[in-house]
Amino acid sequence: MVSGIRARTAAAAALAMAAVLAAGGLWLHALLRANLLETTTGRAELAARKVAAQLDSRTLPPGGRLPAPESGVDLVLVRDTDGRTVATTGDPGHTPDLGGAPRPGPGADSRSAVLPPARAGGEGRAVVVVEASGARTVYAMTVLGDVDDATRAVAIGLLAGAPPLTGFAAALAWWVTGRALRPVSAIRSELAAVTASELDRRVPDPGGADEIAQLARTVNDTVDRLERSDARQQRFTADASHELRNPLAAVRSRLEVALAMDRPDRESVVAALADTERLQAVAADLLLLARLDGGPAPRSEPVDLALLAEEDAARRGGSRVALRVDARAPVPASGDPARLERALANLVDNALRHARAEVVVRAAAHDGWAVLEVTDDGPGIPEGDRDRVFERFLRLDADRGRAGGGTGLGLAIAREIARAHGGDVRALPAPEGGARLVLRVPQRSADASSGFLQRTSASIDRHERAPEEADDPNPPPSVPRAAPGPHAAGRRVRAGGPDRGRSLVPVPRPRRRHRQFQGARRRGEVGVR
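Counting of residues starts from 1 at the beginning of each chain's written sequence and follows it residue by residue. Residues qualify for local features only when their pLDDT is at least 70, as the model is predicted, and side-chain atom pairs are given and counted only at 80 or more; totals for whole chains, interfaces and linings, by contrast, use all residues. Derived side-chain values reflect all non-hydrogen atoms in the structure, with water molecules and hydrogen atoms excluded from consideration.

J.: What am I meant to see in the overall build of the chain here?
T.: Under the DSSP-based scheme used, a helix requires at least four consecutive residues in state H or I and a strand at least two consecutive residues in state E, with every element numbered from the N terminus. The secondary structure content of the chain amounts to nine helices and 14 strands. Between buried and exposed lies partly exposed: a residue is buried under 20% and exposed over 50% of the maximum accessible area for its type, with that area taken using a 1.4 Å probe on protein chains only. Sorting the 529 residues of the chain into buried and exposed places 38% on the buried side. Here, two residues are considered to be in contact whenever any of their heavy atoms come within 4.5 Å of each other. Taking the contacts inside the chain whose residues are at least 6 apart along the sequence as the reference set, 63% of them involve residues at least 24 apart. Working definition of accessibility: Shrake-Rupley area with a 1.4 Å probe, residue cover restricted to the visible protein chains. A total accessible area of about 29,500 Å² is found for the chain, and carbon and sulfur atoms account for 55% of it.

Here you go:
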């Protein structure tokens, strides 16, 4: 490739030099000939006017013999109206034929012209015609041999110098291009040596701010990203193998113990089932991460983050700590409801595992972003680990145990889902201690969400007025109303202004959202928790 570029550059330089020499040579040849002709005709006109002045003063030599002209004029002669030669500087019996010389026009007393050679192989002639007194005409003629010789010499010099100059331009372009592209050869050879086992190699940086230096830095940045991605993939594979190995070993050991017994006890079967559920959760999380890493962009449809938070709280039912939802108004956004629901569920799961007494989920819109904030009153996240907690399979030292049921992938999945929707998840300090995880995605535009907000608000009001209708829209009149199911469990909401107390308001989970959740669970987007 480099040789091809050098050859093309040299050929282009040679063609450019040849074109410049050709155009410049033609221009120089024409300009030189025009200047020489102007000088020659000027001298001939001067000689003709001297003779015309002698005619006016009647001081012509006797016998019609004029003195030889000066300044390279070859012939001066005087003719009358009949075309007879009255006086000449040459032989009166051998005057040249000047019939092709034009006469001066009206209002002019002189005119010049270039006549063709009088015979084949001869030389051209420059003739100046001047009107004199007594109806006589003075002709001054100069043979153009010197002019032709000068222009011919210039043409030969240009033709002789064109090939060396063209070759020099090509050689210079070849050399300059070779020096400029020398770093490219080094970059190519070093980049070819980068393999899967040697991702630590880097191409040489020639320095400076030109395009080749920028190319080298871009290549090094790309290799850096590849090395980080490879290291991340290797670490992810090792962590996944480790996470899967322990439950598999536990299941195998429990099954072997159960087989060794005459009648397997229930405790062994329950423990094996728990380990199997953990394996299922890890496999579902790994599948979702694979889809998030290499899958298409999430589908986009209207979604209310406040409703997602309420549904998540209603679906959980009783928990070890209080779960409170603070959603003052609908928060419209665009995205995949199942995946956003999964991201919120992962954040709430993490908070519930670490909280001491209460977890608060807030939904609000802020500066064009739809925001979900999950706060707990647990030990919090150290400042140095607030970004590390989103790494895959990462557990902090205080959470190395697996009794809590986490796989180490929940926060990583939440961040990947948020970033796939054009947002992010960050860990921030809580004002009153504990951890605060903030998920934000772009808010849906006002025009597109106005109707959606009205429908959502009407749906919430309808459910709050008649919560029992969500369980069975047409109950038999003779059968008493059953208590709300687990998906209609109460959640804490703000029942009044900021100075009012809190109350438990049962909010049913719409059946359509329940079907979406179950379908996402079957696809592996919502794992078993």
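Now, onward.
J.: Sorry, what's going on with the pattern of salt bridges here?
T.: One side chain can pair with another of opposite charge once the charged atoms of both are near each other. Salt bridges are defined as contacts in which a side-chain nitrogen from Lys or Arg sits within 4 Å of a carboxyl oxygen from Asp or Glu. Under the criterion given, the structure shown has 24 salt bridges. The salt bridge involving Asp385 is made with Arg388; its shortest N-O contact spans 2.6 Å. Its relative accessible area of 34% is what places Arg388 among the partly exposed residues. Asp424 is the salt-bridge partner of Arg419, the closest N and O atoms lying 3.3 Å from each other.

J.: Explain helix α5 (residues 305-316) here, please?
T.: Residue pairs spaced three or four apart in an α-helix point in one direction, given the helix's 3.6 residues per turn. Here α5 contains 12 residues, and its C-alpha end-to-end distance of 17 Å stays within 8% of the 16 Å for a straight helix at 1.5 Å per residue. Across the 12 residues that make up α5, a large majority, 10, are buried. A 3.5 Å cut-off defines polar contacts: any pair of N or O atoms within that distance qualifies, except that in protein one atom must be a possible hydrogen donor and the other a possible acceptor, and neighbouring residues in sequence count only when both atoms are side-chain atoms. Structurally, the start of α5 carries an N-cap: the backbone nitrogen of Ala306 is 3.1 Å from a side-chain oxygen of Asp304. Directly after α5, the chain includes Gly317, whose backbone phi takes a positive value near 70 degrees. Multiply 1.5 Å by the residue count of a helix minus one, and that product is the helix's expected span.

J.: What am I meant to see in the side chain of Arg136 here?
T.: Position of Arg136 among the secondary structure elements: in strand β5 (residues 136-143). Counting rule applied: Lys, Arg positive; Asp, Glu negative; His and chain ends not counted. One buried charged residue, Arg136, remains without a salt bridge, the closest side chain of opposite sign being Asp56 at 6.4 Å. Among the polar contacts listed, one links the side chain of Arg136 to the backbone oxygen of Ser133, at a separation of 3.3 Å.

J.: How should the sheet that holds strand β4 (residues 125-132) be read in this particular structure?
T.: Think of a sheet as strands paired side by side through backbone hydrogen bonds, with each pair either parallel or antiparallel. Should DSSP find at least two bridges between two strands, the strands are regarded as paired. Spatial strand order, β2-β1-β5-β4-β3: five strands in an open sheet with antiparallel pairing. Strand pairing shows two members of the sheet lacking a second neighbour, β2 (85-88) and β3 (110-115), which therefore form its edges. Recorded for the sheet is a direction-independent mean angle of 20 degrees between the axes of neighbouring strands. Pairing of β4 with β5 involves eight bridges; the strand directions are antiparallel. Directly across from Val127, in β5, lies its bridge partner Met141. An axis is simply a line fitted to the C-alpha atoms; with a helix, the fit covers only the stretch in contact. Between two such axes, the angle follows the N-to-C directions and lies from 0 to 180 degrees.

J.: Explanation requested: the confidence of the model for the chain in the structure shown.
T.: It should be kept in mind that the predicted coordinates are not to be read in detail where pLDDT is low. On a scale of 0 to 100, pLDDT captures the predictor's confidence in every residue. Per-residue confidence for the chain averages 77 on the pLDDT scale, and 80% of its residues sit at or above 70. Here strand β14 (residues 502-506) stands out as the element of the chain with the lowest mean pLDDT, 33, in contrast to strand β10 (residues 369-376), whose mean of 93 is the highest. This stretch, residues 462-529, has a pLDDT under 50; its non-local contacts, to residues over four places away or in other chains, come to 100 contacts.

J.: Got a minute to help me understand a nonpolar patch on the surface in this structure?
T.: Residues with no salt bridge and a relative accessible area higher than 30% make up the patches, which join like charges within 9 Å and nonpolar side chains (Val, Leu, Ile, Met, Phe, Trp, Tyr) within 5 Å. Among the surface-exposed residues, Trp27, Leu28, Leu31 and Leu158 lie close enough to one another that they form a single nonpolar patch of about 370 Å² accessible area. With three residues, helix α1 (residues 2-56) is the largest single contributor of residues to the nonpolar patch. One can find Leu31 in helix α1. According to the relative accessible area criterion, Leu31 is partly exposed, its value standing at 36%.

J.: I'm lost on the packing of aromatic side chains in this one. Help?
T.: Remark: the centre distance and the inter-plane angle together describe each pair of aromatic rings, the angle taken between the planes. Each aromatic pair joins two rings of Phe, Tyr and Trp (for Trp, the six-membered one) with centres within 6.5 Å, and gets the label stacked for planes under 30 degrees apart, edge-to-face for over 60, and tilted for any other angle. Inspection of the entire model under this criterion finds zero aromatic pairs. Criterion for a charge above a ring: Lys NZ or Arg CZ within 6 Å of the ring centre, and within 35 degrees of the ring normal. Positioned above the aromatic ring of Trp369 is the side chain of Arg440, whose terminal nitrogen or guanidinium carbon lies 4.1 Å from the ring centre.

J.: Sorry, what's going on with the packing of helix α2 (residues 145-192) against helix α3 (residues 211-260) here?
T.: A pair of packed helices is characterised by two quantities: the angle between their axes and the separation of those axes. Put simply, α2 and α3 touch, their axes get as near as 10 Å, and they point 15 degrees apart. Taken together, the axis directions place α2 and α3 in an arrangement best described as roughly parallel. Relative to α3, α2 is oriented so that their crossing is left-handed. Residue-level inspection shows Ala180, Leu181, Pro183, Val184, Ile187 and Leu191 of α2 in contact with α3, the latter providing Ile212, Ala216, Val219 and Val223. Amino acid classes used here: Ala, Val, Leu, Ile, Met, Phe, Trp, Tyr, Cys and Pro are nonpolar; Asp, Glu, Lys and Arg are charged; the rest, including Gly, are polar. Partitioning the contact of α2 with α3 into residue classes produces 10 nonpolar, no polar and no charged. Any angle that falls under 35 degrees is termed roughly parallel, while one over 145 is termed roughly antiparallel, one within 65 to 115 roughly perpendicular, and all others oblique. In this scheme the handedness of a crossing depends on how the near helix is turned from the far one: anticlockwise by less than a right angle means left-handed, clockwise means right-handed.

J.: Please clarify how the environment of Arg43 should be interpreted in this entry.
T.: Within the fold, Arg43 resides in helix α1. In this structure Arg43 touches Ser71 and Val73, once residues within four positions along its chain are discounted.

J.: Looking at this structure, how should I read the pairing of β5?
T.: Side chains on a regular strand alternate between the two faces of the sheet. By the criterion of burial, β5 is predominantly enclosed, with seven of the eight residues buried. One ladder, built from five bridges, connects strand β1 (residues 75-79) with β5; its direction is antiparallel. Counterpart to Val78 in the pairing with β5 is Val138. Between β4 and β5, which pair antiparallel one after the other, the connecting turn spans three residues, and Gly134 there sits at a positive phi close to 80 degrees.

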